[in-house]
Amino acid sequence: KRSYMFNKEGIPFFVIVIPFLSIFLITFLSISYNLKLSSNNFESNIKEYKELYLQTNKENNNLDLFIENKINENKIMNTEYSSFMLAVTSVVTLFMAFFSYIMILITKDVVKKYKIEVQEREEELHSLNENLSMKVQSGIEEGKQKDKKILEQAKLARIGSMISMIAHQWRQPLTELSGILMELETATRFKKADEKHILGAIERSDKMIQFMSNTIDDFRNFYKPDKVKKEFLVSDSCKNAINIIGATLKNFNIKLNVNVENDKRIFGYPTEFSQVILNILSNAADILVERSIKNPQIDLNIDTKGILSIITIKDNAGGIAQKNQELIFDPYFSTKDSSKGTGLGLYISKLIIERNMGGELSVYNDAHGAVFKIIVAG
């Protein structure tokens, strides 16, 4: 590993410090040399002052001679000091010139390498951006294909659920039709089938057939996708879902308690909202049947708080396992047997409430079971 002072980050260090070191060196040498000359001169002066003092009484001319000698010595000392400083300054100047030349070469080399490195990194970044763009595009396509597959599977699951619910809706009228036909058959065999009896049977049969026809219309309208947002009452949308699943709940002896404390009009897709209610009610019914709960019941509560509509649906099936609460809305996650569920119902429900209607769908456990909470702004 190169030393910090010799890489490109270290160049400013040399450029700034070396001139200061040079100035410091000149100052140090000049002061040292000056002190040395001054010291030698001081010792020489002391010695000569002593000799002069002893000879003062003998010759008066010695003092003038001494002063003249001192002046000459000072001139010589100044000349030596100037020569020394000139030599030191020349050496340092040559060194600084050489140093500047070396630094220019190093700087050019470093800048060249830095430019090459920047260019290489720009090319790598460009290549990475191209690859990233391709990966993002590929990811988007995969996501679209996945969403398409999920929607297709959800559609198939809804068809299966719809057929099951239609079967529950039709079971009672079919039983009554069968009873009417048996009654007519018995009356005919015993020669008691008069016109009034036959017309009454036909009228009751027509009512049963009309009910079954209306059931088909209800299911067809219920699963027809909404194309335009509009205002609708929360309670009306919930009633549509209850009409679809009511026969199923009755067939499994599941009691549904509906409590409308405060109703409100909200803006969105009423059919999709009904499908969310239906999905949650259907899941609650399935878990109640699966766990063989005694006195099974589902409570649906509608309330408002300011501009918010709050819908809670809770059951008494014992709740969701803690490990599954964070996964309950994931696609393909299901605690049911694969033949009974696709794991898409709650995932689609969360998409409808949060993406299509800007609301929130969450779940938690209370003392009796799971509580699904829907919050939508009016």
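Provided above is the structure to which this section pertains.
This report concerns the structure included in the present document. (Residues numbered from 1 in each chain as written. Predicted model: local features only at pLDDT ≥ 70, side-chain atom pairs only at ≥ 80, totals over all residues. Heavy atoms only, no water.)

1. A word on the sheet that holds strand S4 (residues 297–305)
The sheet built from 5 strands is open, its strands ordered S2-S4-S5-S7-S6 with mixed pairing. Single-partner strands in this sheet number two, and they are strand S2 (255–260) and strand S6 (360–365). Adjacent strand axes in the sheet meet at a mean angle of 15 degrees when their direction is disregarded. Of the pairings in the sheet, the one linking S2 to S4 comprises 6 bridges and is parallel in character. Paired with Asn 259 across the strands is Asn 301, a residue of S4. Along the sheet, helix H4 (residues 234–251) contacts S2, S4 and strand S5 (308–315); its crossing angle with S4, the most-contacted strand, is approximately 175 degrees. Most of the contacts of helix H7 (residues 345–356) go to S6, to which it runs at about 130 degrees, and overall it touches S6 and strand S7 (370–377). (Pairing = 2+ DSSP bridges. Helix = DSSP H or I, 4+ residues; strand = E, 2+ residues; numbered from the N terminus. Axes fitted to C-alpha atoms, helices over the stretch in contact; angles between N-to-C directions. Contact = heavy atoms within 4.5 Å.)

2. Focus: a nonpolar patch on the surface
Residues Leu 132, Val 136 and Ile 140 make up a contiguous nonpolar surface patch of about 250 Å² in total accessible area. Its location among the elements puts Val 136 in helix H2 (residues 61–189). (Patch = residues over 30% accessible without salt bridge, like charges linked within 9 Å, V, L, I, M, F, W, Y side chains within 5 Å. Areas by Shrake-Rupley, 256 points an atom, 1.4 Å probe, with all protein chains shown as cover. Salt bridge = Lys/Arg side-chain N within 4 Å of Asp/Glu carboxyl O.)

3. Re H7
Given a rise of 1.5 Å per residue, 12 residues ought to cover 16 Å, and the 15 Å separating the end C-alpha atoms of H7 matches this to within 8%. Those residues of H7 not exposed but buried are Leu 346, Tyr 347, Ile 348, Ser 349, Ile 352 and Ile 353. Of the residues trailing H7, Gly 358 is marked for its positive phi of about 65 degrees. (Expected span 1.5 Å × (residues − 1). Buried < 20%, exposed > 50% of the residue type's maximum accessible area, 1.4 Å probe, protein only.)

4. Examining H4
Side chains of residues three or four places apart in an α-helix project in the same direction, reflecting 3.6 residues per turn. The end-to-end C-alpha separation of H4 is 26 Å, in line with the 26 Å expected for 18 residues at 1.5 Å each. In the structure, H4 departs most strongly from a straight axis at Ile 245, where the bend amounts to approximately 50 degrees. Buried within H4 we find Val 234, Ser 235, Ser 237, Cys 238, Ala 241, Ile 242, Ile 244, Ile 245, Ala 247, Thr 248 and Leu 249. (Bend = angle between axes of the 7 residues up to and from the residue.)

5. Details of the nonpolar core
Of all hydrophobic cores here, the largest spans 41 residues; its most connected members are Phe 273, Ile 277 and Ile 374. Listing elements by their share of this core, those giving two or more residues are H4, helix H5 (270–290), S4, S5, H7, S6 and S7. When residues in this core are grouped by element, the largest group, 10 residues, is from H5. (Core = buried A, V, L, I, M, F, W, Y, C linked by side-chain atoms within 4.5 Å.)

6. Regarding the pairing of S4
Bridging between S4 and S5 involves 8 bridges; their strand directions are antiparallel. Within S5, the residue paired with Ile 302 across the bridge is Ile 311.

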